[in-house]
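Given next are the chains, with one letter for each unit.
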Amino acid sequence: MNLAALDVHLTEADAAAALRADVAAGLTAEPKVLPPKWFYDARGSELFEAITELPEYYPTRTERALLATSVEDISAASGADTIVELGSGSSAKTRLLLDAFTRAGTLRRYVPQDVSEAALRGALDSLAGEYPELDLHGVVGDFTHDLDRLPRGGRRMIAFLGGTIGNLLPAERAAFLAHVRSVLDPGEQLLLGTGLVVAPEVVVPAYDDAAGVTAEFNRNVLHVLNRELDADFVPDDFEHLAIWDAENEWIEMRLRARHAMTVHVRALDLVVSFAEGEQMRTEVSAKFRRDGVREMYAGAGFELTRWWADPDERFGLSLAMAV
């Protein structure tokens with residue numbers, strides 16, 4: 001029978017403090033900005049799941065299909081006995097990895113990490129029944145600064161899937177990869193999922209679907225602020241925008257004020273003015289090229305060892321080794 005453990009390094013009080021700090025800084029910045037992690041309350045998570053099923057939104061299904069066709073190759077190239085997954089959520093895609101590494105006979109332990117204790121408990125309960133011989137060790141924490149809390153030992157491969165690294169700005173990406181490298185021993189590995197640069201006519205509709213689900217998801221952050229910080233945003237007073245930045249090769253999601261307004265964020269004792277047409281950035285989703293990924297790895301002390309991409313080259317999976 002497997003062993004199961006759960007370490008909690010991020011509490012609801014920690015999350016509340018982080019929300020307050022992010023919103024205070026973002027709404028007083030010029031231009032205004034809100035971090036995308038605050039989309040994901042229960043409603044936001046439901047909306048994102050709906051987005052992944054939309055015909056325009058190719059990244060999730062493309063990565064899943066790529067993982068399915070590459071996973072035997074990944075397990076053979078890695079040989080890890082421990083898989084650590086950052087931002088694991090329900091660990092749905094991870095089952096492909098767990099099955100392949102189990103078939104290869106190397107896997108001994110799975111370490112899912114997520115900010116949601118409830119999601120981790122649910123995933124651990126489910127996985128315990130499916131993989132009775134696997135040691136399970138969940139870690140509740142923030143992947144941007146809690147990685148030193150991950151259990152050590154064995155030959156580990158950290159998996160960071162979903163293209164989530166694209167939500168980090170360049171300096172944040174560099175800091176994140178340096179943090180990952182700092183907790184790995186030489187020879188341990190990182191499996192990274194990255195959206196690739198594609199034509200604007202393909203990528204823009206993925207973030208601005210015809211049914212308006214992404215627009216509702218974008219505005220959901222305002223519902224979160226209203227509920228958690230006693231703000232009085234009227235979400236429908238903001239228009240959803242998805243803009244391709246060709247120079248930086250990323251999508252920016254923004255909310256544009258339909259008219260001039262004043263918003264009160266009472267929990268922060270903050271009054272925020274918006275001019276008509278003023279835009280507030282809520283997400284960056286960077287897309288990558290293989291050479292750029294290689295350079296990004298090298299700058300953090302990794303060596304790119306394997307690369308997989310779908311036939312249309314819309315998504316990439318890469319295996320890198322800590323050197």
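So, here is what we can say about the structure in this document. Note that this is a predicted model, so its numbers are computed, not measured.

Conventions we followed
- Residues numbered from 1 in each chain as written.
- Predicted model: local features only at pLDDT ≥ 70, side-chain atom pairs only at ≥ 80, totals over all residues.
- Heavy atoms only, no water.
- Salt bridge = Lys/Arg side-chain N within 4 Å of Asp/Glu carboxyl O.
- Helix = DSSP H or I, 4+ residues; strand = E, 2+ residues; numbered from the N terminus.
- Buried < 20%, exposed > 50% of the residue type's maximum accessible area, 1.4 Å probe, protein only.
- Contact = heavy atoms within 4.5 Å.
- Pairing = 2+ DSSP bridges.
- Axes fitted to C-alpha atoms, helices over the stretch in contact; angles between N-to-C directions.

**Description of the pattern of salt bridges**
Overall, the coordinates contain 18 salt bridges when judged by the stated rule. Across the pair Asp41 and Arg227 runs a salt bridge whose closest N-O atoms are separated by 3.1 Å. On the criterion of sequence distance, the pair formed by Asp41 in the loop between α1 (12–27) and α2 (42–52) and Arg227 in helix α8 (residues 213–229) is long-range, its members being 186 residues apart. In the salt-bridge network here, residues are joined through shared partners; they are Asp22, Lys37 and Asp142.

**Brief notes about the environment of Pro200**
Summarising the element assignment, Pro200 is placed in helix α7 (residues 200–206). Exposure remark for Pro200: the relative accessible area of 36% places this residue in the partly exposed category. Along the primary structure Pro200 and Asp245 are separated by 45 residues, whereas in three dimensions their C-alpha atoms are 9.4 Å apart. Sequence-distant contacts of Pro200, defined by excluding residues within four places in its chain, comprise Pro205 and Trp244.

**Considering the sheet that holds strand β12 (residues 302–309)**
The eight strands are arranged β1-β4-β3-β2-β5-β6-β13-β12 in an open sheet whose pairing can be described as mixed. Every interior strand has two partners, whereas the edge strands, β1 (4–8) and β12, have only one. When strand polarity is set aside, the average angle formed by the axes of neighbouring strands in this sheet is 20 degrees. Across seven bridges, strand β6 (residues 189–195) lies against strand β13 (residues 315–322) in antiparallel orientation. For Leu191, the partnering residue across the bridge sits in β13 and is Leu319.

The values are spatial; any link to function lies outside them.
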